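Take a look at the letters that make up each chain.
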Amino acid sequence: RDPHIVRTLEVFAKVGDFVSQVGWGQADVDRAIIALAKNTEPPMRPASVTDQVLTMDRCGITQEMREENYARMLRADPREVKRALEEHLLPALAEASICVVSSREKLEEANARLGAGPLAIENILKG
């Protein structure tokens, strides 16, 4: 549903430069920790706790693993975050694929603006 396919692709293409050039402070890392913790360590409500625990068990995620991951996250500092991104994210970006799901018209419009390196367009839905 992104109405700005080309602009979004340009943002993705600049992630590596951003990681290499940005200078994070501890406040930036702390905000990221809070945002990440909300997703990775949500409160376990009675209605969903069985599903959450079953999913963790089936994935082999123990309570000790969760606690260590949380502690590691809390210890993060700007230097370590940048090192991890440069070590893991940047090499992965070179191998990454991007999939854009949209109408054929929007994809063709994006291809007209992209010029070299257009998107390969395929139908994924029947009908």
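Residues numbered from 1 in each chain as written. Predicted model: local features only at pLDDT ≥ 70, side-chain atom pairs only at ≥ 80, totals over all residues. Heavy atoms only, no water.

Peer 1: Is there a simple way to think about the overall build of the protein chain in this case?
Peer 2: Helix and strand content of the protein chain: seven helices and zero strands. Traced from its N-terminal end to its C-terminal end, the protein chain shows the element sequence α-α-α-α-α-α-α. For the protein chain, whose C-alpha radius of gyration is 20 Å, the value lies well above the compact-globule estimate of 14 Å for 127 residues. Structurally, the protein chain occupies a C-alpha span of about 50 × 40 × 25 Å along its principal axes. Across the 127 residues in the protein chain, those meeting the buried criterion constitute 13%. Relative to all contacts within the protein chain whose residues are 6 or more apart in sequence, the contacts with residues 24 or more apart total 68%. With an accessible surface of roughly 10100 Å², the protein chain has 57% of that area assigned to carbon and sulfur atoms. (Helix = DSSP H or I, 4+ residues; strand = E, 2+ residues; numbered from the N terminus. Rg over C-alpha atoms; globule rule 2.2 N^0.38 Å. Buried < 20%, exposed > 50% of the residue type's maximum accessible area, 1.4 Å probe, protein only. Contact = heavy atoms within 4.5 Å. Areas by Shrake-Rupley, 256 points an atom, 1.4 Å probe, with all protein chains shown as cover.)

Peer 1: Just to check I follow, could you spell out the packing of helix α1 (residues 5-13) against helix α7 (residues 104-114) for this structure?
Peer 2: The description of two helices packed together rests on the angle between their axes and the distance between the axes. In contact at an axis separation of 9 Å, α1 and α7 are set at 60 degrees when each is read in the N-to-C sense. Here α1 lies oblique to α7, going by the angle between them. On α7, the residues touching I5, V6 and L9 of α1 are K106, L107, A110, R113 and L114. A per-class count over the contact of α1 with α7 returns six nonpolar, no polar and two charged. (Axes fitted to C-alpha atoms, helices over the stretch in contact; angles between N-to-C directions. Parallel < 35°, antiparallel > 145°, perpendicular 65-115°, else oblique. Nonpolar A, V, L, I, M, F, W, Y, C, P; charged D, E, K, R; others polar.)

Peer 1: For this particular structure, what's the right way to read the pattern of salt bridges?
Peer 2: Opposite charge on two side chains allows them to pair when their charged atoms are near. Across all of its chains, the model carries seven salt bridges by this definition. For the salt bridge of R75 with E68, the shortest nitrogen-to-oxygen distance reads 3.3 Å. Residue classification places R75 among the exposed positions, given a relative accessible area of 53%. E108 is the salt-bridge partner of R104, the closest N and O atoms lying 3.6 Å from each other. Of this pair, R104 and E108 both sit in helix α7, separated by four residues, roughly a single helical turn. With a relative accessible area of 43%, E108 lands in the partly exposed category. Residues joined in a network through salt bridges with shared partners are E68, R72 and R75. (Salt bridge = Lys/Arg side-chain N within 4 Å of Asp/Glu carboxyl O.)

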